[in-house]
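Each chain, letter by letter, is given below.
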Amino acid sequence: AIWREAAVLPLQKPDFGVPFPDGGEMRAMVRSGYLCLSARIPETGRLVARSTGVNPDWSREDQVIWTVKFKAFAVAIKVTVNPLGAYSAEYIRNQEDPSRPVLASASAGPDGWSAEAAIPLESIAEIGFLSAERIRVPRPDAPELRYYWPGVNELLSYALRPRDAGRQAPPVERKEWWRPAAQPAPTPPGDALE
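As the structure is a computational prediction, the values presented were derived from the model and not from experiment.

**Here's the deal with the sheet that holds strand β3 (residues 34-42)**
Phase 1 of the analysis: If you trace the 5 strands from one edge of the open sheet to the other, you get β1-β2-β3-β8-β7, paired in antiparallel fashion. Only two strands of the sheet have a single neighbouring strand rather than two, namely β1 (7-9) and β7 (103-109). Here the strands of the sheet are splayed against their neighbours by 20 degrees on average, with no regard to which way each runs.
Phase 2 of the analysis: Where β3 lies against strand β8 (residues 112-120), 9 bridges are found, and the strand directions are antiparallel. From the neighbouring strand, S38 faces β8, where its bridge partner is E116.

This is the structure:
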């Protein structure tokens, strides 16, 4: 539900034709000290993904790649995610803070897949440029397809609000999803006229 409030990144409409899938949708927002990015990728055929884990040796597979450039394009962070949730964060002329790593996840369904990434705001500048790319690797009946947000060799500028050093991200709450949630005790009925 939170993604409904996020900004939709404009997609350059490729002219691949009717038999090929739509490019999907990319969104971005700032939340709890992170630049949060999401992708909803329609796919009616088989997904191509092999890699798992963090910083895998990528093979040719379906991917979403977000790039955040700042400081006169000299510094960048590139986050790559595949349909199985494997991801990597490549820091170009920048260092990752081990206490605040990039986070990512993905999920696949019968109509496509989705991916999310969260980049700590401390890792990027308040003013910069954002772009995204979807790679759909070749299938037996289709060539490799690439979709770009906002377009080929185009970047979308962003400006973050000044950071408030006093605000802290909410704590992570660990839940044991396999255990049923505790139900609150029922409240005794009261007189509505009191």
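**Overview of unusual backbone geometry**
Phase 1 of the analysis: Following W149, the chain continues into P150 via a peptide bond in cis, with omega recorded as 0 degrees.
Phase 2 of the analysis: Along the chain, P150 falls in the loop between β10 (145-149) and β11 (156-159).
Phase 3 of the analysis: Here the phi dihedral of S32 falls at roughly 50 degrees; this positive angle occurs in a residue that is not glycine.
Phase 4 of the analysis: Mapped onto the fold, S32 is located in the loop between β2 (25-31) and β3.
Phase 5 of the analysis: Residue class for S32 comes out partly exposed when judged on its relative accessible area of 35%.
Phase 6 of the analysis: The phi dihedral of N55 falls on the positive side, at around 50 degrees, and the residue is not glycine.
Phase 7 of the analysis: Residue position: N55 is located in the loop between β3 and β4 (63-70).

Rules used throughout
- One numbering rule holds for all chains: residues counted from 1, following each sequence as written.
- With pLDDT at 70 or above as the cut-off, local features in this predicted model cover only qualifying residues; side-chain atom pairs require 80 or more to be listed or tallied, and sums for whole chains, interfaces and linings still use all residues.
- In computing side-chain values, all of the structure's heavy atoms are included and hydrogens and water are not.
- What makes two strands pair is DSSP finding at least two bridges between them.
- A helix here means a DSSP run of H or I that spans at least four residues, while a strand means a run of E at least two residues long, and both kinds are numbered starting from the N terminus.
- All axes are obtained by fitting lines to C-alpha atoms, using only the stretch in contact for helices, and the reported angles, taken between N-to-C directions, cover 0 to 180 degrees.
- For the exposure calls, accessible area comes from a 1.4 Å probe over protein chains only, and a residue counts as buried if that area is under 20% of its type's maximum, exposed if over 50%, partly exposed in between.

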